[in-house]
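Below are the chains, spelled out letter by letter.
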Amino acid sequence: MRGSFAFLVILFAVSALVVFLSPQAIEREFYPNLFYNYFVQNITGKFSILALNFLFLFLGTVWIALITQNQEVVDKQNYFPVFLYLLFGVACVSPMHVTSQIFTNVFVLYSVYKLLDTYREDQALKDVFEAAFWLSVSAFVTISSVIYVPLFFIILLILRAFHWREWAVAVIGFLLPVFIYECVAYLTNFNRWYIFDAVELYFQSLRLPSFSEYYLPLSLTLFVMLLISIFYNLANGFGNTVKKQRAKTILLWFLFFSTLGFFSGGANSSSIILTYSFPLSFFIGDYLFSLKSLKISNTILALLLFCVAIVFMAQFGLV
């Protein structure tokens, strides 16, 4: 299976129905996220929760598809990253509350897309500013996004030669959402200096995450597949173009910096999978696309679908 739009639509629709009908959530989210927690308390209707979760899952899937098609991370005919990102999303989205990492991923993916757009551009200030701005916005949804701020500048160094104007514009892009928020907070007398308090609380609450046994088969399968795909890439090279090689290097850095998200306070199995979903989708998807045996690739996909089915059955109390 090299990717089918119809199959993706069916997977999306069926999963939305299953999640909507699920009577319970396997895991409960809690982050040191004052703004996000306030937002969640005001959205309690199950249909509203479903609509928001799947809207942002759809948007994240679209950005994965655009990165696949336009940024030379993998072969343009390879739709495995799109399928895998969607699969991880439907497995980890909660039926009972807004899933913060689904929201955050949209802003992070857009930021990465705009950064990849700067490769070999003569004038990249606009793209750099937009990438920094939306990455900063993502920290107001899930504060763990602050770990990607140093990654932002590493990506710039990988893709472009150092230009002080671009770095200055990036700093302005990061600070502008904070400035806008603080102006509004001052006028409304609500939660001033939020971002600074949230960052301090985030680093104070780093600890080992909690794991659900229902996500264990999926987590172990993804871990093994990630190791295999990385070794495959190291053995065969990161691609036949310079941009592919640099994009794969960025994915490795993304894996490294996501480790802090692994230890963030309140992290659990689903949030960890969603945090790693971007690099996982491309590394594993690239490996599956390279397999010459359809039996092997289809067997791996069937195993992943079975792991997701275990999660769905747990939500219905069947396992």
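Everything quoted here is computed from the prediction, not taken from an experiment. All residue numbers refer to positions counted from 1 along the written sequence of the respective chain. Selection of residues for local features in this predicted model requires a pLDDT of at least 70, selection of side-chain atom pairs for listing and counting requires 80 or more, and totals for whole chains, interfaces and linings are taken over all residues. The side-chain figures draw on all heavy atoms in the structure; neither hydrogens nor water molecules are used.

Asks: Where do I start with the overall build of the protein in this structure?
Replies: In terms of helices and strands, the protein carries 14 helices and zero strands. Taking 319 residues into account, the globule formula puts the C-alpha radius of gyration at 20 Å, and the protein, at 19 Å, falls close to it. Seen through its principal axes, the protein has C-alpha atoms that stretch 55 × 50 × 35 Å. Residues counted as buried form 55% of the 319 residues belonging to the protein. Residue contacts are defined here by distance: any two heavy atoms, one from each residue, within 4.5 Å place the two residues in contact. Considering only residue pairs separated by 6 or more positions, the protein has 82% of its internal contacts joining residues 24 or more positions apart. As displayed, the protein offers around 14400 Å² of accessible surface, 71% of which is attributable to carbon and sulfur atoms. Numbering of helices and strands runs from the N terminus, with a helix taken as a DSSP run of H or I at least four residues long and a strand as a DSSP run of E at least two residues long. The globule rule is 2.2 Å times the number of residues to the power 0.38, and the radius of gyration it is compared with is taken over C-alpha atoms. Buried, partly exposed and exposed residues are distinguished by accessible area as a fraction of the type maximum, computed with a 1.4 Å probe on protein chains only: under 20%, between the cut-offs, and over 50%, respectively. The protein chains shown are the only cover counted for residues, whose accessible areas, like all others here, come from Shrake-Rupley with a 1.4 Å probe.

Asks: Even after reading the chapter, I still don't get a nonpolar patch on the surface, so can you show me in this structure?
Replies: The patches described consist of residues with a relative accessible area above 30% and no salt bridge, like charges being joined within 9 Å and nonpolar side chains (Val, Leu, Ile, Met, Phe, Trp, Tyr) within 5 Å. By salt bridge we mean one thing: a side-chain nitrogen of Lys or Arg within 4 Å of a carboxyl oxygen of Asp or Glu. A cluster of nonpolar side chains, namely Leu17, Phe20, Leu21, Phe47, Met313, Phe316, Leu318 and Val319, defines an oily patch on the protein surface of about 780 Å² accessible area. Ranked by residues supplied to the nonpolar patch, first place goes to helix H1 (residues 5–21) with three residues. In this structure, Val319 sits in the segment after helix H14 (294–315). By relative accessible area, which is 47% here, Val319 ends up partly exposed.

Asks: For this particular structure, what's the right way to read helix H7 (residues 148–159)?
Replies: A turn of α-helix holds 3.6 residues, and therefore any two residues three or four places apart point the same way. One less than the number of residues in a helix, times 1.5 Å, gives the span that helix is expected to have. Taking 1.5 Å of rise per residue, the twelve residues of H7 would be expected to cover 16 Å, and the 16 Å separating its terminal C-alpha atoms lies within 8% of that figure. Looking only at H7, the buried set comprises Tyr148, Leu151, Phe152, Phe153, Ile155, Leu156, Ile158 and Leu159.

Asks: Is there a simple way to explain the pattern of salt bridges in this structure?
Replies: Close approach of charged atoms allows side chains of opposite charge to pair. Enumeration over the complete set of coordinates arrives at five salt bridges. Glu130 is the salt-bridge partner of Lys114, the closest N and O atoms lying 3.4 Å from each other. Taken together, the residues Lys114 in helix H5 (residues 100–117) and Glu130 in helix H6 (residues 125–138) connect sequence positions 16 residues apart. Look at Glu130 and you get buried, because its relative accessible area is 17%. A cluster of three or more residues bridged by salt bridges with shared partners is formed by Lys114, Lys126, Asp127 and Glu130.

Asks: When you look at the nonpolar core in this model, what are you seeing that I'm missing?
Replies: As a rule of thumb, soluble globular proteins bury nonpolar side chains together. Of all hydrophobic cores here, the largest spans 103 residues; its most connected members are Phe152 and Phe278. Not counting residues up to four positions away in its chain, the partners in contact with Phe152 are Ser111, Leu115, Val128, Ala131, Ala132, Leu135, Ala170 and Phe174. Among the buried residues, those of types Ala, Val, Leu, Ile, Met, Phe, Trp, Tyr and Cys that are joined through side-chain atoms within 4.5 Å form a nonpolar core.

Asks: Help me out: how do you make sense of the packing of aromatic side chains in this one?
Replies: In this description, a pair of aromatic rings is defined by centroid distance and the angle of the planes. Two aromatic rings from Phe, Tyr or Trp, using only the six-membered ring of Trp, form a pair when their centres are within 6.5 Å; if the ring planes differ by under 30 degrees the pair is stacked, by over 60 it is edge-to-face, and anything between is tilted. Applying the stated criterion across every chain, the model contains 23 aromatic pairs. Between Phe12 and Phe58, the aromatic rings sit 6.3 Å apart at their centres with planes inclined by 70°, giving edge-to-face as the arrangement. With Phe12 in helix H1 and Phe58 in helix H3 (residues 46–70), the pair connects residues that are 46 residues apart, well separated along the chain. Since its relative accessible area comes to 24%, Phe12 is described here as partly exposed. Residue classification places Phe58 among the partly exposed residues on the basis of a relative accessible area of 45%. Pairing Phe256 with Phe257 gives two aromatic rings, centres 5.4 Å apart and planes at 90°, and the pair type is edge-to-face.

Asks: Help me understand unusual backbone geometry in this model?
Replies: Trans is the prevailing form of peptide bonds, just as negative phi is the prevailing case for residues other than glycine. Of note in the backbone geometry, Arg120 takes a positive phi value of approximately 65° without being a glycine. Here Arg120 shows up in the loop between H5 and H6.

Asks: Explain H6 here, please?
Replies: Relative to the 20 Å expected for 14 residues at 1.5 Å per residue, H6 spans 20 Å between its end C-alpha atoms, a close match to the ideal helical length. Burial analysis of H6 places ten of its 14 residues in the buried class, which makes it a mostly covered element. The inward-facing, buried residues of H6 contact H5, H7 and helix H8 (164–188).

From the geometry alone we can't say anything about function, so treat these as descriptive.
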